[in-house]
Amino acid sequence: MKPLFDLGVLPIRHRTSRGFKPHVSLVFNSEKRLTFAVDTTNSRSQQPDAYLITHAHSDHHGKSAMLSDRAVCSQETARALEILYGKEYAGRTFKIGETINICGVDVKTYPTHHTIGACAFYWENDAGSKILVTGDVKDAKDLPKCDCLVTEANYGDPDDPRCHFEDDIGAFREALSDPEDIAFGAYAFGKAQRAVRLVRESGYSGDIGMDPVSRALTEGLMENTGTLVDLESDCRVRITTPGEIPGLQTAKKFILTGRRDYKFPTINISDHMDVNGLIGMVKQCAPSAVITYHPGGHRPLKLAAHLNKTGYYARALEEINTVIEI
Ligand SMILES: [Zn+2]
């Protein structure tokens with residue numbers, strides 16, 4: 001932990017009677033002792049100074065954090081949370097790229113191209129250390145250099161073949177060029193909007209059928225979607241959740257995913273970078289300490305171990321033993 005101590009960053013985990021709260025909180029600035037909670041649930045007993053919500057996927061817990069007036073997220077993330085959960089967002093919003101002042105700290109925001117509204121947070125503490133929290137990342141090209149990097153590790157195991165992939169845009173276009181009816185299985189938030197963009201970029205300008213939630217998110221968050229209609233409408237292309245794919249009367253069906261455990265053919269379209277992308281991001285950001293923090297399971301440990309072997313100081317969230325009971 002010494003490099004983190006020297007940088008003036010104390011990563012902590014909170015534990016309640018029900019176990020660890022998700023994700024990490026960062027404590028910094030010796031005088032004011034600020035705490036920014038990253039993608040964690042709203043706390044009744046102990047409030048951090050800010051809930052940073054990187055994006056609206058459910059495993060980043062905006063559903064509960066959005067109800068706090070200390071929540072901070074992009075305008076698009078707030079809109080997505082309201083559509084997904086039917087509740088009013090209670091916190092502050094910003095346009096990605098803007099700098100916001102949180103408790104006297106200027107926090108810059110950068111796009112991570114993972115979902116609409118997904119962003120990274122970046123600030124400098126009173127020790128002069130630059131801290132970057134990535135959230136989930138599809139493309140790290142806009143992220144700055146930093147001293148302390150808190151990075152996701154969704155595909156962080158270099159020894160796992162499933163963590164090595166590239167998007168197969170060619171297979172997507174080929175599937176779409178078939179004149180038969182086609183349905184793409186894609187999660188409602190993130191993947192579905194990526195699919196609509198890919199369909200339009202491929203030159204298909206007809207109606208796209210979508211389930212109500214995917215359609216509401218797409219219409220609420222995207223411009224130039226073309227005409228979107230109900231799933232039951234007469235159309236050649238449909239985009240809906242993987243769970244609805246088996247029940248559709250469509251000639252061709254594909255799931256857009258990097259996973260390999262579906263019954264239907266898959267096309268590798270991911271909202272994430274693979275492990276080489278993650279390692280490339282670390283090189284680009286050139287930190288002196290790395291914390292790998294998401295998702296659960298062994299991948300943050302594997303990524304941290306690999307980074308340690310290649311000369312970085314890295315710790316997975318699971319290895320952080322500063323725990324506060326609340
Ligand atoms: Zn995500």
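Residues numbered from 1 in each chain as written. Predicted model: local features only at pLDDT ≥ 70, side-chain atom pairs only at ≥ 80, totals over all residues. Heavy atoms only, no water.

Undergrad: A description of the pattern of salt bridges should follow, citing residues and the corresponding values.
TA: Enumeration over the complete set of coordinates arrives at ten salt bridges. Here aspartate 160 ties to arginine 162 by a salt bridge, and the two come within 2.9 Å at their closest N and O atoms. Overall, aspartate 160 belongs to the buried group, its relative accessible area being 8%. For arginine 162, a relative accessible area of 46% gives the class partly exposed. Among the ionic pairs, arginine 215 bridges to aspartate 230, the shortest N-O distance being 2.8 Å. (Salt bridge = Lys/Arg side-chain N within 4 Å of Asp/Glu carboxyl O. Buried < 20%, exposed > 50% of the residue type's maximum accessible area, 1.4 Å probe, protein only.)

Undergrad: Describe the side chain of serine 74, with residues and values.
TA: For serine 74, the location among the structural elements is in strand β6 (residues 71-74). Within the structure, serine 74 has its side chain in polar contact with the side chain of threonine 77 (distance 2.9 Å). In this structure, serine 74 is in contact with Thr93, Phe94, Ile96 and Gly117, ignoring residues within four places of it in sequence. (Helix = DSSP H or I, 4+ residues; strand = E, 2+ residues; numbered from the N terminus. Polar contact = N/O pair within 3.5 Å; in protein donor to acceptor, adjacent residues only side chain to side chain. Contact = heavy atoms within 4.5 Å.)

Undergrad: Kindly report on the sheet that holds strand β19 (residues 289-292), identifying the contributing residues and their values.
TA: The seven strands are arranged β8-β9-β10-β11-β12-β19-β20 in an open sheet whose pairing can be described as mixed. Only two strands of the sheet have a single neighbouring strand rather than two, namely β8 (99-102) and β20 (314-316). The average undirected angle you get between the axes of adjacent strands in this sheet is 20 degrees. Summarising the sheet, strand β10 (residues 119-124) and strand β11 (residues 130-133) pair through four bridges and their orientation is antiparallel. Opposite glutamate 124, over in β11, you have lysine 130 as the bridge partner. Running over the sheet, helix α7 (residues 275-285) touches β11, β12 (148-151) and β19 and is turned about 160 degrees from β12. Those strands touched by helix α8 (residues 299-309) are β12, β19 and β20, and its axis lies near 170 degrees from that of β20. (Pairing = 2+ DSSP bridges. Axes fitted to C-alpha atoms, helices over the stretch in contact; angles between N-to-C directions.)

Undergrad: Describe the side chain of aspartate 157, naming the residues involved and giving the relevant values.
TA: Structurally, aspartate 157 is set in the loop between β12 and α4 (169-177). Here aspartate 159 takes part through its backbone nitrogen, which lies 2.9 Å from a polar atom of the side chain of aspartate 157.

Undergrad: For α4, give the residues involved together with the corresponding values.
TA: Of all the residues in α4, the buried ones are Phe172, Ala175 and Leu176. For α4, the angular spread of the buried residues around the axis is 95 degrees, confining them to a single face. Seen from the open side of α4, the exposed residues pointing more than 90 degrees away from its buried face are Glu174 and Ser177. (Arc of directions from axis to C-beta.)

Undergrad: Describe the pairing of strand β4 (residues 34-38), with residues and values.
TA: Most of β4 is tucked away: five of the five residues are buried. Taking every second residue as pointing to the same face, both faces of β4 are buried, with Leu34, Phe36 and Val38 on one and Thr35 and Ala37 on the other. When strand β3 (residues 25-28) meets β4, the two strands line up antiparallel, connected through four bridges. Bridge assignment links phenylalanine 28 to a residue of β4, and that residue is leucine 34. Taking the residues between adjacent antiparallel strands as the criterion, β3 and β4 are bridged by five residues, where asparagine 29 takes a positive phi near 65 degrees.

Undergrad: Could you give an account of the packing of helix α3 (residues 75-85) against helix α6 (residues 212-221), naming the residues involved and the relevant values?
TA: Axis separation between α3 and α6 bottoms out at 10 Å; the angle between their running directions is 155 degrees. By the angle between their directions, the pair α3 and α6 is classed as roughly antiparallel. Judged by the twist between their axes, the crossing of α3 over α6 is right-handed. Listed contacts from α6 to Glu76, Arg79, Ala80, Ile83 and Leu84 of α3 are Val213, Ala216, Leu217, Gly220 and Leu221. (Parallel < 35°, antiparallel > 145°, perpendicular 65-115°, else oblique. Left-handed = near helix turned anticlockwise from the far one by under 90°.)

Undergrad: Could you give me a rundown of the coordination of the zinc ion, with the residues and numbers involved?
TA: Binding of the zinc ion to the protein goes through His55 (NE2), His57 (ND1), His114 (NE2) and Asp136 (OD), at separations of 2.1 to 2.3 Å. Considering all four donor atoms around the zinc ion, the spread of angles at the metal, 90 to 167 degrees, places the coordination shape in the irregular class. (Donors = N, O, S within 2.8 Å, 3.2 Å for Na, K, Ca; no water. Tetrahedral: all angles 85-135°; square planar, octahedral: opposite > 155°, others 65-115°.)

Undergrad: Break down the packing of α4 against helix α5 (residues 191-201) for me, citing the residues and quoting the values.
TA: Look at α4 against α5: their axes get within 10 Å of each other, and the N-to-C directions meet at 65 degrees. The angle between α4 and α5 falls in the class roughly perpendicular. By crossing handedness, the relation of α4 to α5 is classed as right-handed. Contact with α4, carried on its side by Ile169, Phe172, Arg173 and Leu176, involves Ala195, Leu198, Val199 and Glu201 of α5 and no other residues of that element. Residues of the contact of α4 with α5, tallied by class, amount to six nonpolar, no polar and two charged. (Nonpolar A, V, L, I, M, F, W, Y, C, P; charged D, E, K, R; others polar.)

Undergrad: Just give me the short version of the environment of tyrosine 122, but keep the residues and values in it.
TA: Here tyrosine 122 shows up in strand β10. Linking tyrosine 122 and proline 212, residues 90 residues apart in sequence, is a C-alpha distance of 35 Å. Filtering out sequence-adjacent residues up to four positions away, tyrosine 122 remains in contact with Asp106, Val107, Lys108, Tyr110, Lys130, Ile131, Leu132, Pro144, Lys145 and Cys146.

Undergrad: Report on α7, specifying residues and quantitative values.
TA: Note that an α-helix has 3.6 residues per turn; residues three or four places apart therefore point the same way. Turning to α7, its buried residues are Val275, Leu278, Ile279, Met281, Val282 and Cys285. The arc enclosing the buried residues of α7, seen along the axis, measures out at 155 degrees, which places them on a common side. If you follow the buried residues of α7, they end up packed against β11, β12, β19 and α8. At the N-terminal boundary of α7, the capping side chain belongs to aspartate 274, with an oxygen 3.2 Å from the backbone nitrogen of asparagine 276.

Interpretation in functional terms is not warranted from these geometric data alone.
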